[in-house]
2 protein chains.
Amino acid sequence: MDSSLYTCNSCQHKLCAGRVSLFTSLDTEQLMQVMKLIVHKEYKKGELLLYEGEVRNDLVIVNKGQVKAFRNTADGKEQILYIFSEGDFFGEKNLLRDQASNYAVEALEETHVCIIRKDDFQNLVKQYPDIGLKVMEVLCQRLDRLENTIENMGTRTVSARISSVLLEFAEKFGKESPQGIIIDLPLSREGIANYIGLTRETVSRKMSSMQDEGLIEMIGNKKILLLNKAALEKSIE
Amino acid sequence: MDSSLYTCNSCQHKLCAGRVSLFTSLDTEQLMQVMKLIVHKEYKKGELLLYEGEVRNDLVIVNKGQVKAFRNTADGKEQILYIFSEGDFFGEKNLLRDQASNYAVEALEETHVCIIRKDDFQNLVKQYPDIGLKVMEVLCQRLDRLENTIENMGTRTVSARISSVLLEFAEKFGKESPQGIIIDLPLSREGIANYIGLTRETVSRKMSSMQDEGLIEMIGNKKILLLNKAALEKSIE
DNA sequence: CTTTGACTGTGACCTGGTTCACGTTTTCCA
DNA sequence: TGGAAAACGTGAACCAGGTCACAGTCAAAG
């Protein structure tokens, strides 16, 4: 296919809709139709895309960059629930009913999103039922992930929890290299701590000891090299 | 409507399908059609309805009774993820693809279920798109609940977590009474502990102290009287 | 390239929850 | 209905992870 067909000025010449798994069942012409419904928006690092408690009537699809979905707890802590990156979406809860968001969403870096109005999306679902099934599939995956997280937080040791996050990130953000898998961390140490319900210090200490054991190697603060994936996997069984 | 229309021998003369929110959008005739697709099954307390890792190709709807969905962790602990009761369903993950269950399901008491084959259900969804939307809605509610649970387990104190469960159970299993809300607990102390990632002893101790503070009153092991719902709600803010 | 603020690592101490142990109570079902 | 088995409550000791404090390091912006 000619990639110029997918051109869209607001998206740096990527047909955002076409790269999102939600719309993989559509052909080019249908995609062009979807494109007309989409509004684009850009956010700088640290900007909020969605406030906790905000009621929106649209679906937001991440086209470039990364965001974190999190809640602020009464005692001033932060619980990170999701990292959304290219192709992920949020706001699916307002597809069915107008509901206040139970988390805030903040850009972790320069982020571009595609926004589609609730009504338009509902019509799309009616026209192309496969899209609805895709949404359902993603929701089920998200349930899977949360179920795992709950098991981790409820019953696992600290090192198992950290191994678990590292493997999750390796899956999502890792690149193969001769020495092992290099992970571009989406979160700081503190962010990781807030993702798995620990403190920055504990994460720091455990990762240091994992490095001493030869399991991982920390490269600056933003990268980690997984030297022994198998051992990590074993430790969370 | 004449209730005899809803009669079904296997269901003790309740039209199981009609009582499930999934099918509320259907009329009587459509319900009768759904009924033909349904197989019934009964389980005694302690019986397993689903094994961890099992691959099924059907959707299970609880018609009577209660079940717990849980995972056994490596260190011999149990993490309870859901309590399903009348009207709840599970197995939705294999509506989309054949996937191994990541939890086991066990009857907490005598339980009757309605089972509908994956293919049949998919056809129903195609025929009545509202059913698909209902499934999506339930999945979103389930996400909400898990997101709350994760915040609880990640950042909250023990008493806040217990208050939170009690309020959840009050919502789902509570009955108003002159003194307060009486909760028929679906779980033992140990079960509650496994639901919120604590030990039996800790739950026991905290509930005793909550009783001393006049917040709750324990009636035997299976009932709890909420004397001061407002105070509990305040404690988890 | 340098500066500045944010992030990270680590030691010492503290605390809340787990573990272990055991006596009591409740539940269930034969 | 009685008796076994399961569930519960509670004390004491322990310890993993949190808290606090501070020094070292990194990285983004000018």
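Residues numbered from 1 in each chain as written. Chains lettered and ligands numbered in written order. Predicted model: local features only at pLDDT ≥ 70, side-chain atom pairs only at ≥ 80, totals over all residues. Heavy atoms only, no water.

Student: Any chance you could explain empty space enclosed by the protein here in plain terms?
Tutor: Left-over empty space is what a probe sized like a water molecule reveals as it rolls over the atoms. Residue and element names in this part refer to chain B. Overall, the coordinates contain 2 cavities of 30 Å³ or more when judged by the stated rule. Lining the largest cavity are 16 residues, with Leu50, Gly91, Lys93, Asn94 and Ser101 sitting closest to its centre. Looking at the lining of the largest cavity, its residues break down into 6 nonpolar, 5 polar and 5 charged. In this model, the second largest cavity occupies a volume close to 120 Å³. (1 Å grid on protein atoms, 1.4 Å probe; cavity = no way out; pocket = protein on both sides within 12 Å on 5 of 7 lines; lining within 4 Å. Points joined across faces, edges and corners; volume = space filled by probe spheres on them. Nonpolar A, V, L, I, M, F, W, Y, C, P; charged D, E, K, R; others polar.)

Student: Sorry, what's going on with the pattern of salt bridges here?
Tutor: Oppositely charged side chains are able to pair whenever their charged atoms sit close together. This structure, assessed with the given rule, holds 34 salt bridges over all chains. Across the pair Asp58 of chain A and Arg56 of chain A runs a salt bridge whose closest N-O atoms are separated by 2.8 Å. Given the relative accessible area of 16%, Arg56 of chain A is considered buried. Put simply, Asp120 of chain B and Arg117 of chain B hold a salt bridge, and the shortest N to O gap is 3.7 Å. (Salt bridge = Lys/Arg side-chain N within 4 Å of Asp/Glu carboxyl O. Buried < 20%, exposed > 50% of the residue type's maximum accessible area, 1.4 Å probe, protein only.)

Student: Hey, could you run me through the interface of chain A and chain B in this one?
Tutor: The figure often quoted for interface size is the accessible area lost as the parts come together. With 37 residues of chain A at the interface, the matching set in chain B holds 37 residues. Counting each side, the surface lost to burial between chain A and chain B is near 3,600 Å², with a carbon and sulfur contribution of 65%. On inspection of chain A and its partner chain B, the count reaches 8 salt bridges. Here Glu147 of chain B makes a salt bridge to Lys93 of chain A, at a shortest N to O gap of 2.9 Å. Along the contact surface separating chain A from chain B lie 20 residue pairs in polar contact (both at pLDDT 80 or more). Secondary structure elements with two or more residues in the side of chain A that touches chain B: strand 5 (78-85) and helix 3 (129-155) of chain A. Ranked by the residues each element gives to the side of chain A that touches chain B, the list is headed by helix 3 of chain A, at 20 residues. Residue classes in the side of chain A that touches chain B are distributed as 14 nonpolar, 11 polar and 12 charged. (Contact = heavy atoms within 4.5 Å. Buried area = accessible area lost by both parts, 1.4 Å probe. Polar contact = N/O pair within 3.5 Å; in protein donor to acceptor, adjacent residues only side chain to side chain. Helix = DSSP H or I, 4+ residues; strand = E, 2+ residues; numbered from the N terminus.)

Don't take any of this as a statement about function, it's just geometry.
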